[in-house]
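Read off the chains here:
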Amino acid sequence: LPADAPVPRLLGGFDTGDWVVLVLEDIEGTHPRTPWVDSEIEAATAALRDLAAALTPAPAIGLPRAADQLRGDLTAWDLVAADPPADLDPWELDHLPDLRAAGARGLAAIATGDTVVHCDIRADNILVRPDGRMVIVDWPWASVGPAWLDTALLAMNVAVHGGAADRIVAGAGSDVVVDVIAGVTGMLRHHGRLPPPPGLPTVRAFQRFQADALVPWLRARLA
């Protein structure tokens, strides 16, 4: 990635045929505080603006499109609607058509754009340097999409932890951000009910926690 992107520097690497090994800069820093505080929301938003500027247009390195990578996530309310659990929140049950439509709109919205996006912006994928600047780490879902997508996912994480997400939403385009967050919430709700994958025994509880936090936020914003 470009040297001016707020990411760890790649120092070296090699491919054994079975493993690809990357040697990355060790970042001195800590994760943002949760619930998110205003100063760190501002710093994260600035870092994502710098990231988008550095990664537009996307370099030709064969990354997938964000819409292809997130298609299953943004359409997961379809799976919930196909077999609604008996204990599904009554508001979610009554608004499944609205939630499915929002996810579909979100998917259509991320089909454009020529920016390398991280696609998994959360507090635990960000490090705050001692001077307050932020570095975006952990890039397994990198893809090509609209420059605002990572900011929308930041707003979602701030909302999960009870921070002031609304001004991020307004800055990124409120309707489309709500649609994307609604779609991802469906993925969290659906996946949170599945058995845990090998080696990740706590991930389903983490997904349920996020979905439970986001549904009240969505209830106030979806007609």
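Before reading further, recall that the structure is shown in the block above.
Presented here is a report on the structure given in the accompanying data block.

Thresholds, definitions, all that
- Residue indices begin from 1 for each chain and proceed along its sequence in written order.
- Side-chain atom pairs in this predicted model are given and counted only at pLDDT of 80 or more, local residue features only at pLDDT of at least 70, and totals for whole chains, interfaces and linings cover all residues.
- To obtain the side-chain values, all non-hydrogen atoms of the structure were included, while hydrogens and water were left out.
- Working definition: helices are DSSP H or I runs of at least four residues, strands are E runs of at least two. Numbering for both runs from the N terminus.
- What the globule rule says is 2.2 Å times the number of residues to the power 0.38, and the radius of gyration is computed from C-alpha atoms.
- The classification of residues rests on relative accessible area computed with a 1.4 Å probe and restricted to protein chains. Under 20% of the type maximum is buried, over 50% is exposed, and intermediate values are partly exposed.
- Shrake-Rupley sampling with a 1.4 Å probe provides the accessible areas, and residues are treated as covered by the protein chains on show and by no other component.
- As used throughout, the charge tally considers Lys and Arg to be positive and Asp and Glu to be negative, leaving His and the chain termini uncounted.
- Each charge is placed at NZ for Lys, CZ for Arg, CG for Asp and CD for Glu.
- Two strands form a pair only when DSSP identifies at least two bridges running between them.
- Pairs of residues are marked as contacts when any of their non-hydrogen atoms sit within 4.5 Å.
- Only residues whose relative accessible area exceeds 30% and that form no salt bridge enter a patch; like-charged residues are grouped when within 9 Å of one another, and nonpolar side chains (Val, Leu, Ile, Met, Phe, Trp, Tyr) when within 5 Å.
- Salt bridge, as applied in this entry: a Lys or Arg side-chain nitrogen positioned within 4 Å of an Asp or Glu carboxyl oxygen.
- For our purposes a nonpolar core is just a set of buried Ala, Val, Leu, Ile, Met, Phe, Trp, Tyr and Cys residues, chained together by side-chain atoms within 4.5 Å.
- For the purposes of these results, a polar contact is taken to be a pair of N or O atoms within 3.5 Å, where, inside protein, one atom must be able to donate a hydrogen and its partner to accept one; residues adjacent in sequence count only when each atom of the pair is a side-chain atom.

Once that is clear, we can look at the overall build of the chain. Looking only at helices and strands, one finds nine helices and six strands in the chain. Taken over the C-alpha trace, the chain has a radius of gyration of 18 Å; the compact-globule value for 223 residues is 17 Å, and the two agree within 12%. Considered along the principal axes of its C-alpha atoms, the chain spans approximately 50 × 40 × 35 Å. Counting over 223 residues, the chain shows a buried share of 44%. Put simply, the chain shows about 11000 Å² of open surface, and 57% of that area lies on carbon and sulfur atoms. Each charge sign in the chain was given a centre, from 17 positive and 29 negative side chains, and these centres are 3 Å apart.

Summarising burial for strand E1 (residues 10-15): zero of the six residues are buried, a small minority. Where E1 and strand E2 (residues 20-24) come together, five bridges link them in antiparallel fashion. Within the sheet, the bridge partner assigned to Leu10 lies in E2 and is Leu24. Counted between consecutive antiparallel strands, the loop separating E1 from E2 contains four residues, among which Gly17 sits at a positive phi close to 100°.

Right, let's talk about the environment of Val178 for a bit. With respect to the secondary-structure elements, Val178 resides in helix H8 (residues 174-191). The exposure class of Val178 is buried, given its relative accessible area of 9%. Separated by 43 residues in sequence, Val178 and Arg221 have C-alpha atoms that sit 7.5 Å apart. Leaving out residues up to four positions away in the same chain, Val178 has contacts with Val169, Trp217, Leu218, Arg221 and Leu222.

Side chains of Leu10, Val20, Leu22 and Leu24 sit close together on the surface and give an oily, nonpolar patch of about 420 Å² of accessible area. Broken down by element, the residue count for the nonpolar patch peaks at three residues, all from E2. Structurally, Val20 is set in strand E2.

Looking now at the nonpolar core. Of all hydrophobic cores here, the largest spans 61 residues; its most connected members are Ile110, Leu149 and Leu218. Broken down by element, the residue count for this core peaks at nine residues, all from helix H6 (residues 149-160). Residues contacting Leu149, with those up to four places away along its chain left out, are Ala66, Leu70, Ile110, Val117, Cys119 and Val180.

Moving on, we come to the side chain of His118. Note on placement: His118 falls in the loop between strand E3 (115-117) and strand E4 (126-128). Residue His118 is classed as buried on the basis of its relative accessible area, which comes to 0%. Within the structure, His118 has its side chain in polar contact with the backbone nitrogen of Asp120 (distance 3.0 Å). A polar contact of 2.9 Å, which involves the side chain of His118, links it to the backbone oxygen of Val137. Leave out the neighbours within four places in its chain, and His118 touches Asn125, Ile136, Val137, Asp138, Trp139, Trp141, Ala142 and Asp150.

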